[in-house]
Structures are given as C-alpha cells and as structure tokens.
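One-letter residues, chain by chain:
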Amino acid sequence: MKSTILLPLRWLTTLVQRSRNNPPVPTDQKAYHTSFLPSRFLPPASCLLPSASCLLPPASCLLVLVLSSLLILTGCSSTQSKTQTAQVSQLVFSSPSNPNTFNYPLNESAFSVFGYIYDGLITENGLTAELEPALAESWEISEDQKRITFTLREGLQWSDGEPLTADDVVFSYNEVYLNEKVSTGIRDILRIGETGAFPSVQKLDKLRVEFSVPEPFAPFLRYAGGIPILPAHALRESVNTTDANGNLKFITTWGTDTDPKTIVGNGPYRMVSYTPSQRVIFERNPYYWRNDAQGNPQPYIERIVLQIIENSDTQFLTFRSGGLDSLAVAPEAYGLLKKSEERGQYTIYNGGPSSDSRFVGFNLNKARNEKGQPYVDPIKSRWFNTLAFRQAVAYGIDRETMKNTTYRGLGELQHSPLGVSNPFYLSPEEGLKTYSYQPEKAKQLLLDAGFQYNSQGQLLDGDGNQVRFTLLVKAEEKSRVDAAVQIQQDLGKLGMQADLQVINFNVVVQKLSSRNWEAYVGGFGGGGTEPHSGFNIWYTRGTLHQFNQSPQPGEPPIEGWEPSDWELEIDRLFQQGAQELDESKRKEIYGQFQQIVAEQVPFFYLVNSLSLQAVRDRIENIKFSALGGAFWNLYELRIEN
C-alpha cells in the first residue's frame, strides 16, 4: 500500500531532516553568493563556503578608485538604465565574482546563475524548511520507504517552449548526475549505504517517475526531489558524444562563453545577456509554471540584473546610492547602515546565526602527482599530519578577539561543522570538545610533539626546520582577509611564520582543486539542516574533501593517497546516519562525527556571523530568514509603485 503525501510533511521529519535541497558549497571553490537567491537553488557542495550569505571582498584603499569603479560598475542600475527600462519592474543585485559556468552539474562556485533559471521536483519553504511541490505536483512514498513516485504537473515547459516531461527527469539523473564520466558533487550526496550504491530512476509514464533505493535512505526525498531538472532535448547529444580525447562533450558544453539566450532552464527567469566582470541580465520566463491564486503568471518582477562588483566598498557605495536593491551586511558596515535605514528607505533583517562556516585548515594530502612530485612539501606534510600541531593551532587562535574586532561582536564562536540551530548539533554542554584561547598550552603541545624554539623564539621541528608555510585566503571577502591577518599574528606568537597569500577567488578554486596549497582560511555555505548534505565534504572520496583530496574522475593518476582511520570512521558514521530513520539515533550518530572532527581538527572553525541583509522597502512580501534569506520566495515578490 502506498500513501499519497501532500503538504504539510511534518511527519516526514523521521525520514528526511529539514535542509536545503542541495549540498553545501565552498565559499572558496564552489561557494556561492546567494543572499538573494532562493535557497533551493544552491549549487552542489563546493569549494569552501558551499551558506546563503553574500561574501564580501576586501576594502579598497583609495576612495577615488572606489568612486571610479562605482561609475563603471553600476551599469544597468544607473540613471541611464532606469531611463531605458522605466516601464520594466526590476531588481538589481550584486555578486563579487563572475559565474564560472552555465552548466549546473559542473558548477564549483557559490557565485552562479542557477538560482534564477532552474527548479527541482520539490522545493523548500524558506521559513519552515517544509518540502513543497514544485515541478512535481505530488509524490507517493512506499510503505518500506524504498520508493518514491513523483507526478509532474501537466503542461510543464522549458524556457524555450519545449515540453518538460518524465524523460527529462530520467535523463537528468541517469545520464548526467549519476554518470561517472561527469565529475559533479551531486553524485556524492546520492550514494547510499556501505556499498555506495545509487538510486535507480525509471519512467512510469509521461508524468510519473519512480526513484528507488536498495535500503532506507533518510535524505532520500529531499535529495531526489530537490536537485534541478535538466533539459534532455538540449543536452542529450553532448552526453552521448565525445571529443578527440575521449571526454564527454558535455564537460565543455554551456561554458560562460556560450550565448546566454541559448541556455535552457525551467526556473522563474531566463538569461538575456552576460558581460564578463560587468553584469548578467535575466528576464521573466514566459513559460514558467507558477500562477497565483487568481491565475496571474509569476514571478511578478520582470527583470533581474546581477552586477559583478568585486570590491565590498564599491558594493556598499552602490547600495547607498540606490544602485542595488539588496546588500548582505558585513559586520564592519552594520553600524553605518543601521543609522541610515529610514533615510535610505531600506530595512536590515537579522536572521540570527547563519548556516555558513569559516575555518582554517591544512593540506593533509601525502600523495604525489603524475610526475611523482609531492603535492605538499614532505617536511611541512609531517607538521600538518601531526595531531598535536593542529590542536596547538586551535588553542593558539584568539577567536573571542576575532569575534569582537573582525565581526564587531555580530557573531558566535563556531565549534562544529553543524550550526547551533541544527537539530543534530552537539553542544559543548553535551560533551563536544572545544578550544579556548590558551597559547601556553599550545606551545606545550608543540614541545611535547618534538618541536623546539630557537633563541629568536622561532618554532623549529625536530630536524631544525623553521615552521613556515603559506596561508591562502580569497581577496573578495574583507572579514575573511581580516581573520587571516589575525591568524597570522596569533600563530606568530607561537613562533610559526604564516605567509599570507591573498588572491582572487577563481585562483583559490584552482589551487584547491589542484591540491596546490598548504593552509587556507576557507568556508562552506548551504546544506541546510540535513547532516548528509555535507557528505561530499567528509566522504573520503568526496569532491569537497579538500584537506585530503582523493583521486577524482577524469584526473591524471596520483600515487600515495591514503585516508586516515578517523576519516574512514567518518565515512562509516555518515553511511550509518543516512540509513537510520529514527531522529534521536541519528543525533547520536552525528554527535560522534562532530566529536571526531573536534578531536582531529581537519578544519578549525572560527566565528559564525549573523545573517544580516539590507533590502529596499519598496520590495513587498519579504519573508526573511537565515535559512532562506530575503529572496527565497522571489516568484511572489512585488515592487511597490
């Protein structure tokens, strides 16, 4: 017997915990700038930041340069643009980085276009996290919880007017997401059980698709339904053909050099144009499926302009001048913006602690590339792979000062990969190991591990090598750069020399992907409350397992890669947690995972900032939350006349 499930789905909390529909994304690699995006459209777990908050770049040094940039970058939000589009309702947002692809499964950046152009079978309410129908009008779950049948809405169309049917759903999963020749983080979160099996997907008829799994899988409904559906008619040929090197043509399809008008989606908007380092323009999708209760087509707002503004000072000035409709409020800007709320005709929303994370991590990879060269200097690798060294770093960083200076007190210390509002969070009161600022304890740990100090107070290893390494940080987020500067100073007090390398976001992504780094200050965003959303970060062969990145599909062979026993134990716990449907038992399992991370410190977590966003008062029906941001319900927003 099957039970038809319509909303609300409160009883399903034992089957699937509340989370966003996609895995986390790194704010360094696949991270995304989505404070203005619907939460359901976060990219796959990615670089170092996979939450839904804007990542702001460092402050500019010279006001004259900022003002010059302002004139150049405000583009479509300028007076000229407003004159040209006086009769068109539009919103203007900003992103600190260009999108790195128009091909969703290949995206590795938090700064993307996909939140506007794609839907999944189901979506998530940005206030309650409850699952709601999207492309699928309903679904049925079998009694053994191993099968879900989705029924699509009648008359669905792609943004080019072609029909959207069950064939597109089957294509998206069987030929793209589950295709081992396509390197995508989506596949990681769909692995089931100890065998790593994947769900099977089959068409029942034109409107019905059945997903089945070999064993109960707690995140099944949320993952199966929440991933964007791709157009078979536009992409099938690229999946079935290869280039001269034997690689799927899909891998090079829909890059950012593609005419945006040819990109086919099913979301509320479709792309009109893309000018690198300037803007992306979207128009309302005339074939979108949503209508309001009176039968009026949604979304109501006709145009979205996404300005590419790398510098946070320029973003700030553009917003204050009226050129942007929303701004993720950085801690250093909060005081000034708060004073001007009424005059500036905007409201600053506070959703409490965000779901983002910020951390410092070391490259623990012991492998060698195809040329036999180690990814990490063996001398430094020995330091990084010494537990006492990592714990000493944790005790040596003054996070209270970081919270009060870099974050202006607008944040909380973070101790776990899971946020404090997550129902699976293990608190310090429940036994989670934490690291307070204890520099003397840090030094003693180092001495006990065989390190020593010279007469100048420099830290040396047992062979007399000075402890010196490069600390990588992306330039576009001022608070992260400020945190890195403090980390450099704090580690200097331990005798370590951390050389900062502040570089462009896309370069950071390249270095992380190629394992060409020693230490970095990173972050992940997204993932929601479902712990399994972080599987591609913690799974030893996951695409975002950056601190010890395994060989990935399509890469040249590497030698000597090996996961540690504690990494394999995390693998086991995630598999166990995904199989367990009892919420209390899942909490215990993920509590063990958090304890391992706290003990082994592959990432040492820093400060969790508050979710703050300024939004123009002329935008009606804002329903702000840390989970969904300000624009999760973009389709039902209106602009006041």
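Residues numbered from 1 in each chain as written. Predicted model: local features only at pLDDT ≥ 70, side-chain atom pairs only at ≥ 80, totals over all residues. Heavy atoms only, no water.

Novice: Mind showing me how you'd approach the pairing of strand 8 (residues 200-203) here?
Specialist: Successive side chains on a regular strand alternate, one facing one side of the sheet and the next facing the other. Direction of pairing for strand 8 relative to strand 9 (residues 208-212): antiparallel, over a ladder of four bridges. Bridge assignment links V201 to a residue of strand 9, and that residue is F211. What sits between strand 8 and strand 9 in their antiparallel hairpin is a turn of four residues. (Pairing = 2+ DSSP bridges. Helix = DSSP H or I, 4+ residues; strand = E, 2+ residues; numbered from the N terminus.)

Novice: Before we go on, may I ask you to explain helix 15 (residues 478-492) in this structure?
Specialist: Think of an α-helix as turning once every 3.6 residues; residues three or four places apart then point the same way. Across its 15 residues, helix 15 extends 21 Å between first and last C-alpha, which sits within 8% of the 21 Å expected from 1.5 Å per residue. What helix 15 keeps buried is the set K478, S479, R480, V481, A483, A484, Q486, I487, D490 and L491. (Expected span 1.5 Å × (residues − 1). Buried < 20%, exposed > 50% of the residue type's maximum accessible area, 1.4 Å probe, protein only.)

Novice: Would you mind going over the pattern of salt bridges with me for this structure?
Specialist: Side-chain pairs of opposite charge can arise whenever the charged atoms involved come near each other. Following the criterion strictly, the structure yields 24 salt bridges and no others. Here R236 and E175 are joined by a salt bridge, their closest N and O atoms 3.3 Å apart. One end of the pair, R236, is in helix 7 (residues 232-240); the other, E175, is in helix 4 (residues 166-177), with 61 residues separating them in the sequence. Here E175 falls in the partly exposed class, since its relative accessible area comes to 22%. K443 is the salt-bridge partner of E440, the closest N and O atoms lying 4.0 Å from each other. Placement of the pair is E440 and K443 together in helix 14 (residues 439-448), with a separation of three residues, close to one helical turn. By sharing partners, the salt bridges in this structure join D356, R358, E477 and R480 into a single network. (Salt bridge = Lys/Arg side-chain N within 4 Å of Asp/Glu carboxyl O.)

Novice: What is the right way to read the packing of helix 4 against helix 7 from this model?
Specialist: The packing of two helices is summarised by the inter-axis angle and the distance between the axes. Running from amino to carboxyl end, helix 4 crosses helix 7 at an angle of 25°, the nearest separation of the two axes being 10 Å. Looking at the two axes, helix 4 sits roughly parallel to helix 7. Pair helix 4 / helix 7 crosses with left-handed handedness. Between helix 4, through D167, D168, F171, E175 and V176, and helix 7, the contact on the second element is made entirely by A232, H233, L235, R236, V239 and N240. (Axes fitted to C-alpha atoms, helices over the stretch in contact; angles between N-to-C directions. Parallel < 35°, antiparallel > 145°, perpendicular 65-115°, else oblique. Left-handed = near helix turned anticlockwise from the far one by under 90°. Contact = heavy atoms within 4.5 Å.)

Novice: I keep staring at empty space enclosed by the protein and nothing clicks. Help me out?
Specialist: Once rolled over the atoms, a probe with the size of a water molecule shows which space is left empty. The volume enclosed by the second largest cavity comes to roughly 90 Å³. Within the residue set of the lining of the second largest cavity, elements represented by two or more residues are helix 19 (583-600) and strand 22 (603-605). If one sorts the elements of the lining of the second largest cavity by residue count, strand 22 sits on top with three residues. Across the lining of the second largest cavity, the residue classes break down as seven nonpolar, three polar and two charged. (1 Å grid on protein atoms, 1.4 Å probe; cavity = no way out; pocket = protein on both sides within 12 Å on 5 of 7 lines; lining within 4 Å. Points joined across faces, edges and corners; volume = space filled by probe spheres on them. Nonpolar A, V, L, I, M, F, W, Y, C, P; charged D, E, K, R; others polar.)

Novice: Before we go on, may I ask you to explain the environment of T256 in this structure?
Specialist: Tracing the backbone shows T256 in the loop between helix 7 and strand 10 (269-275). Accessibility expressed as a relative area gives 28% for T256, which makes it partly exposed. Excluding anything up to four places from it in sequence, T256 contacts P99, N100, T101, F102 and Y274.

Novice: When you look at unusual backbone geometry in this model, what are you seeing that I'm missing?
Specialist: Note: most peptide bonds trans; most residues except glycine with negative phi. The omega angle of the peptide bond from Q298 to P299 is 0°, so this bond is cis rather than trans. Considering the arrangement of structural elements, one finds P299 in the loop between strand 11 (279-284) and strand 12 (303-308). One non-glycine residue, Q145, adopts positive backbone phi at about 60°.

Novice: Please explain the confidence of the model for the protein chain as it appears in this structure.
Specialist: Low pLDDT means the predicted coordinates in that region are not meant to be read closely. Confidence along the protein chain averages 86 in pLDDT terms, with 86% of residues attaining 70 or more. Taken as a whole, residues 1-23 scores under 50 in pLDDT and shows 107 contacts with residues more than four places along the chain or in a different chain. Low pLDDT, under 50, characterises residues 29-85; the stretch is placed with 278 contacts to residues that sit more than four places away or in other chains. (pLDDT = per-residue confidence, 0-100.)

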